[in-house]
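Structural overview
Each chain, letter by letter, is given below.
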Amino acid sequence: QVQLVESGGGLVQAGGSLRLSCEASGRTFNSYRMGWFRQAPGKERDLVASIAWNGGNIYYGDSVKGRFTISRDNARNTVYLQMNSLKPEDTGNYYCAAGNPRTAGGHEYDYWGQGTQVTVSS
């Protein structure tokens, strides 16, 4: 069992930066791929980025490539999402997830956090 708690969301102006953190409980954190998802009001939840258990095989959604960076610290049971050059369309609730999807861009995750809200003003 893995419990996930996100933090770091908030209100930021367009062009600004935020860093999201997701801390996991449980001893098996480093056996899971970790993903960050985003859900805007009235839209489906989309995969933003994911990272393999060893920090490799990183995936980014097309809309965030070159602006967002995912990383993880297995010693701290934490995964991060550094978000730069934020745009109003990045607004949404950001969730972290743990699992072993079949592909780096897959959505099959087993454990989910409660989410943290990111709002980017224009």
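The numbering scheme is per chain: residues are counted from 1 as the chain's sequence reads. A pLDDT threshold of at least 70 governs which residues receive local features in this predicted model, and a stricter bar of 80 or more applies before side-chain atom pairs are shown or counted, although totals over entire chains, interfaces and linings include all residues. Hydrogens and water molecules were not included; the side-chain quantities draw on all heavy atoms of the structure.

1. Topic: the state of the cysteines
Disulfides are covalent bonds that connect the sulfur atoms of two cysteines. Cut-off, in case you're wondering: Two cysteine sulfurs form what is called a disulfide whenever their separation falls within 2.5 Å. In this description a helix means any DSSP run of H or I spanning at least four residues, a strand means any run of E spanning at least two, and both kinds are numbered starting from the N terminus. Residue burial is assigned from relative accessible area. The probe radius is 1.4 Å, only protein chains are included, and a residue is buried under 20% of its type maximum, exposed over 50%, and partly exposed in between.
Following the criterion strictly, the structure yields 1 disulfide and no others. Note on cysteine connectivity: Cys-22 is disulfide-linked to Cys-96, with sulfurs 1.9 Å apart. On the criterion of sequence distance, the pair formed by Cys-22 in strand 3 (residues 18–25) and Cys-96 in strand 9 (residues 92–99) is long-range, its members being 74 residues apart. There is no split in this pair, since Cys-22 and Cys-96 are both buried.

2. Structural notes on the pairing of strand 5 (residues 45–51)
Rule in force here: Strands qualify as paired when DSSP identifies two bridges or more between them.
Summarising burial for strand 5: 5 of the 7 residues are buried, a large majority. In terms of strand pairing, strand 4 (residues 33–39) meets strand 5 through 6 bridges, oriented antiparallel. Residue pairing for strand 5: Trp-36 is matched across the bridge by Ala-49. Bridging between strand 5 and strand 6 (residues 59–60) involves 2 bridges; their strand directions are antiparallel. By the bridge assignment for strand 6, Ala-49 is matched with Tyr-60.

These figures capture arrangement, not role.
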